[in-house]
Amino acid sequence: MIGPNLSAWAVKSRALTIYLMLVAVIAGAFAFVNLGRDEDPSFTIKTMLVTAVLPGATLEETQNQLTERLERRLQETTGLDALRSITRPGLVTIYVDLDGAFPPEDVRDVWQEVRNSVGDMRHTLPQGALGPFFNDNFGDVFGIIYAFTADGFSDRELRDYVDFARSELIRKVPDISKIEWIGAQDETVFVEFQPERVAAMRLDYGQIFAAIAAQNRIRPAGVINTGLENLALRVSGAFESADDILDVTLVAGDRMIRLGDIATVRHGFVDPPQPLLHVNGERAIALAISMRDGGDILQLGDEIDAAIRDITAELPIGIEPMLISNQPAVVETAIGDFTTSLYQAVAIILTVSFLTLGVRPGAVVAIAIPVTLATVFLVMSVMGIDLHRVSLGALIIALALLVDDAMTTVDSMLRRLAAGDTIAEAGAHAYRTLAAPMLTGTLITIAGFVPIGFAESQAGEYTISLFLVVAIALIASWFVAVMFTPILGGALLKPPTNPEPVEPGGIMKAYRGVLTFAMRAKWLTFAVTIAIFVVSLLGLQMVNRQFFPPSDRNELIVDFQMPRSSSIFASEDAIARVEAWLGESEDVDFWTAYIGRNVIRFYLPLAIQPPSDHHSQIVVMAKDLEARERLEEDLSEFLSENFPETISRVGPLEMGPPIGWPLQYRISGPDIEELRTQAMRLAGVVASNPGAQGVHFDWIEPARQVRVEVDQNRARRLGLSSAQLSNTLQTAVSGAPITQMRDGIYLINVVARSDSRDRISLDTLATLQVPVSGGRTVALSQFANFYYDQEQPLIWRRDRVPTLTVLADVVPGTLPEAVVTALEEDIAVLNADLPPNYAIELGGTAETSAESQASVFAVLPVMVFIMLTLLMIQLQSFKSTGMVVLLLPLGLIGVVLALLTFGRPLGFVAILGILALIGMIAKNAVILITQIEDERRNGLSPWDAAISAATNRFRPLLLAALSTILGMLPIAPTLFWGPMAFAIMGGLAVATVLTLIFLPTLYIAIHGKEDAPAGE
C-alpha cells in the first residue's frame, strides 16, 4: 500500500468527498464551455525573414555586397539550424531557420538577437542599400479572409471602402491581432513625356524632374512672431491632384514652358501590377484577419460576422464582401465531429461496462467517466490547453484507458463483498492491494507517452497535447478510482444474494484449459510466440510509411509555375484559362487565385514561398470530400494536357509541419555551372522512378538579358556617364519615380516615363534618343553596342553554399517514403560520384519525418529508464521486471497485423501509438505479476498462483482491453488518428491474449520449482 488508505479516508469523510466530486464536476463543466477551440494545435514556425535591397545592383554585386555580408553575421545566431537565401539582382531574402529542438519560448529572444546583431553591422552595407528588414511573424495564421469585389466602382473607390471595412473591424473586434491586405494595388501618377517635344525644347530630363520635385517638396517657411501671436507661413504649390502636375512651369533658355505641353498625366495603378487576387475569376481585394494569442477562434468568428453585417449595411450596392476562408466554421465542424466521436466512445464504454459488469457495477463506472473528464477539462483550462484535433483525439484515447482503474476497483470490491466484507472494508482492501500496482501501471502508461511530450521537433510540438491530456486523464482516473469509486460503490453496489462460490462459466473453463495446456507445453508456447513475432517483424517491412496524412478539409491547393522569366501578365492570362475550366466544373463551390504570389497562411501547416511573377496558387473549395477527390484527378489531367510548359501540382492541404513538394533532394556546390550539370543528373535519377512525377528545380533556368556595351570614350565626349544612361533607360522602359503626391492618408508615387507610343521595345532600343548637353539628343546606337546574353535570375544558397533543389510529386496512390526508399541506392551511387565539395542531401517529407522520429527516439532512453525504475519499485525483482520487458515487444504482432489488414500506413502518429501501447502492456503485466506474487504469499505454489491470478484477472483485463479497443472505434476511420487507433487496437488485443497466456507460462518457466499437479 502507498501512503494513507485514501479509499478508507474517502468513505470515512463521505460528505467532504461528495463535495469535492461535485466541485470537480461543476468546475469542469464550466471549464469545458470556456475552453478555446481551434482546428489544429499551434506550433512555433522557427523561421525569420531578413530582407535587404540594393537598387540597380547585379546578381553578383547583390550576392557579394548584401547576401554574403548578412549571412556571415547571421551564422552566429543562437540555435541556428540553417540559413537559406534567395538572391535576385538588387534583392536578397534570407530565411533564418532555428533548430527544431530549440525551445519555442526562447524564439522571440533569438529574433531580437538577430535584429541587434544585424543592426550593429548595417553601416558596413553599401551606400544606397535599403534595410535590412525583418519579419518574425512568418508563422501568423490568417484564418478568416473576406474578399471584396466591385460592380460599377473604380479600383480606388473599392480600396477606400475596403479600408473603411478594415478600420471598422479593428475598432469593433478586440480579438483581432492584425489585418493584411491581399490584391490591393498602389496608386501611381504617370507623367508620360513625348521625347521629340522634350528634344525640340532642348530640355534636360534631370532638370524637369528636379523642378517637379522642388515644387511638391514640403519645407518649413517660418513663423512670424508679432509679439501678440505666432503666425505660420505656408507656401503653396504642393500637388493636390494629378492635373496640378501639368501646370508646373519649366525654364528653357529664355522661355517658360508648361509641363502639359511636353507630357501627359495619367492617374492609375502601379505598372506592372503587384500580386493579384481573383475570386471566382474577378479581380478583388481581400482582408486577411489574424487572431490574437490566446483568443477563441469561434468567438472571433461570431464577432467578425456581426461586424461584417454592420459594415455591409453601410457599403453601397455593388460592393459585396465574400467570406473565402472561414476557419471558425472548419473548427466548429471539426470540434463537432470529434465531440460526437467522444460521445460515441463514452456510449461504447458504458455499454461494455453495463453488459459485462451488470447494471449497478456498470453504473459506478459510468458515473466515474464524467467525473474524470470534468477533472481533465478543469486541469486543461488551468494549463491553457485548447480543444483541437490533437487534444480531442487524446481525450478519446484517454477515455479508452481511464476506465481501467475504475473497473479494476469495482471488480475487487465485488469480490470482497461476495466474501462478506462491508463496503468500507471492500474499498479499503481494494486500495491496499491494488492502489500501488494501479498507480505504477498508470505511471508506466504515461511513461509510454513521454517521447511524445519531450520530443524536440515541430512534430513533437504539434502533438505535445497528446501527452499532456493523456497524463492528466490517467492521473485523474486513478484518484477517481481510489477516492470517488468507493463512495459510488457504497451507494450502488450490493453484496451478492448468494455468497456461495459460483461455478466457472464456459468461457472461463475454456480459458483455464488453454492456459493449462500452454503452461504444460511451455517450450511449444515460447516457440510459437517467437515464430509469430519474427513473422511480424518481416511483415513490418510491407507496411507503408507515411509522415502525416493529408487534411480532410474540402480545399485543394493548385500550385502553378510558369517559366521563371514569365511576367505577371502571362501568369494572369494562364490562370484565367484555369479559372474558365473551374467555372464549368460542378464539383467546385468557389475558388480564389493568388497570382504572382503564394497563398497567405490561412492554415498553419502551409509551406510559404517568396512572391514571384511566374508563381501562382489557387485555392479551390470543393463541395465535399468526394467532389474534392474527383476534382483533384480531373484538374490534374487538365493542367498536364493544356499547360505542358508549366510545373503544376494539385493536392489537399497538409497536416503536420509544412513541407510543400513531398520529394526533395538538395545538391550543393561552389560552382553554378557544375552545380547545374550535377542537378540535371540528379533529376534524371529521380525521374527514373515510376512513383515520381512533375520533376523540376527550385531554380536552374537562365534568363535572357540585353547587354548595353557603352563606348565610354564616346559617351564622355557627349557628356554622358553610365549612371545618366541608366537613368534614361529606366525612364524610357519602366519609369522613374520623381516625387510623391499626398492624397489624404495615401502617398502616391509620381513616375516619369515615355509615352506609350514612344516606350521602347527591343526593336526600337537602338534608336532611343538620349538627351546630351546643349539640348541635343543622340541615338543610343551612336555610342553603344547591344548583345544578347544570359544571366542567372536568382540563386538559392544554403549555409552560404549555392544549393539547387530537385523537387517532385508522387503519383496518386504512392507514398513519398516508398519512392525515397526505392531511390536510396541510386542516390547514394550518384552522391559518391560527385566532384569534391559537392553533396546531395535528402529533403522534403522524408527529411522532416526522419528528424521528427529522431526527436522521439532520442527520448526513448528516458522512457525506458522511467519504466524500468517504476517496474523495479513495484516488483522489486529483476526476474519479474525481465518478464515484463520480454512481453513488451510482442505487442508488435498485433500492430503489424492490424495495419496490414486494414491498409493503414505506419506514420508519425502511429509510432506514437506504438510507444503508448508499450505502457498499456506494461501496466497489465505489472498488475498480473503483482497478483501472482500476492497469491504466492497466501501460500500457493507458483503453478497454482499463476493459474489463480490469471483466472482472477481474466475478466478485468479483458474488460479493460475491450473498452479500450471499442472506445477507439470512433476515431479509427479518421485520417489523422486512424493509424494510431488501429495500431493500439491490434497491439492491445494480441498483447492482452499474450498477457493472459504467455506471461503466466513465462512466470512458471522462471519461478516454477515443481511440475504441474496431476489433476491439472
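Above: the structure in question.
Computed from a predicted structure; not experimentally measured. (Residues numbered from 1 in each chain as written. Predicted model: local features only at pLDDT ≥ 70, side-chain atom pairs only at ≥ 80, totals over all residues. Heavy atoms only, no water.)

**Notes on the packing of helix H29 (residues 942-967) against helix H30 (residues 978-1007)**
With their axes 10 Å apart at the nearest point, H29 and H30 run at an angle of 170 degrees to one another. Judged by the inter-axis angle, H29 sits roughly antiparallel to H30. Contacts from Pro 942, Trp 943, Ala 946, Ala 950, Arg 953, Phe 954, Leu 957, Leu 958, Ala 961, Thr 964 and Ile 965 of H29 reach H30 at Met 985, Leu 988, Ala 989, Thr 992, Thr 995, Leu 996, Pro 1000, Tyr 1003, Ile 1004 and His 1007. Among the residues making up the contact of H29 with H30, the classes are represented as 16 nonpolar, 4 polar and 1 charged. (Axes fitted to C-alpha atoms, helices over the stretch in contact; angles between N-to-C directions. Helix = DSSP H or I, 4+ residues; strand = E, 2+ residues; numbered from the N terminus. Parallel < 35°, antiparallel > 145°, perpendicular 65-115°, else oblique. Contact = heavy atoms within 4.5 Å. Nonpolar A, V, L, I, M, F, W, Y, C, P; charged D, E, K, R; others polar.)

**What about the environment of Val 750?**
Mapped onto the fold, Val 750 is located in strand E26 (residues 746-754). When sequence neighbours within four positions are dropped, the list of residues in contact with Val 750 reads Val 189, Val 191, Ile 245, Ala 736, Pro 737, Ile 738, Thr 739, Gln 740 and Met 741.

**Side note on the environment of Ala 574**
In this fold, Ala 574 is placed in helix H18 (residues 568-584). For Ala 574, a relative accessible area of 5% corresponds to the buried category. Residues Ala 574 and Phe 560, spaced 14 residues apart in sequence, show a C-alpha to C-alpha distance of 9.3 Å. (Buried < 20%, exposed > 50% of the residue type's maximum accessible area, 1.4 Å probe, protein only.)

**A closer look at the environment of Glu 555**
Residue position: Glu 555 is located in strand E18 (residues 555-561). When near neighbours in sequence (up to four residues on either side) are disregarded, Glu 555 contacts Phe 602, Val 619, Val 620, Met 621, Arg 628, Pro 652 and Leu 653. Of note is the side chain of Glu 555, whose polar atom sits 2.6 Å from the side chain of Arg 553. (Polar contact = N/O pair within 3.5 Å; in protein donor to acceptor, adjacent residues only side chain to side chain.)

**Looking at the pattern of salt bridges**
Under the counting rule described, the total for this entry stands at 31 salt bridges. Residues Arg 797 and Glu 68 are paired through a salt bridge, measuring 2.8 Å at the closest nitrogen-oxygen approach. Remark: Glu 68 occurs in helix H3 (residues 59-74) and Arg 797 occurs in strand E30 (residues 795-798); sequence separation between them is 729 residues. Put simply, Arg 937 and Asp 934 hold a salt bridge, and the shortest N to O gap is 2.3 Å. Of the two residues, Arg 937 and Asp 934 both sit in helix H28 (residues 908-937), 3 residues apart, roughly one turn of that helix. Under the relative-accessibility criterion, Arg 937 is labelled exposed at 60%. Its relative accessible area of 24% is what places Asp 934 among the partly exposed residues. Through salt bridges that share partners, Glu 68, Glu 71, Arg 72, Arg 797 and Arg 800 make up one connected network. (Salt bridge = Lys/Arg side-chain N within 4 Å of Asp/Glu carboxyl O.)

**Some details on the side chain of Thr 951**
With respect to the helices, strands and loops of the structure, Thr 951 is situated in helix H29. Polar side-chain contacts of Thr 951 include one of 2.9 Å to the backbone oxygen of Ile 947. Ignoring any residue separated from it by four or fewer positions in sequence, one finds Thr 951 in contact with Met 508, Tyr 511 and Arg 512.

**Focus on the sheet that holds E26**
Pairing between the strands of a sheet is mediated by backbone hydrogen bonds and can be parallel or antiparallel. Sheet architecture is open: 4 strands sit in the order E12-E7-E26-E25, paired in mixed fashion. Here the strands that pair on one side only, and so sit at the sheet edges, are strand E12 (263-269) and strand E25 (736-743). Ignoring strand direction, the axes of neighbouring strands in this sheet form an average angle of 25 degrees. Of the strands in this sheet, strand E7 (187-193), E25 and E26 are in contact with helix H7 (residues 205-216), which crosses E25 at around 20 degrees. (Pairing = 2+ DSSP bridges.)

Interpretation in functional terms is not warranted from these geometric data alone.
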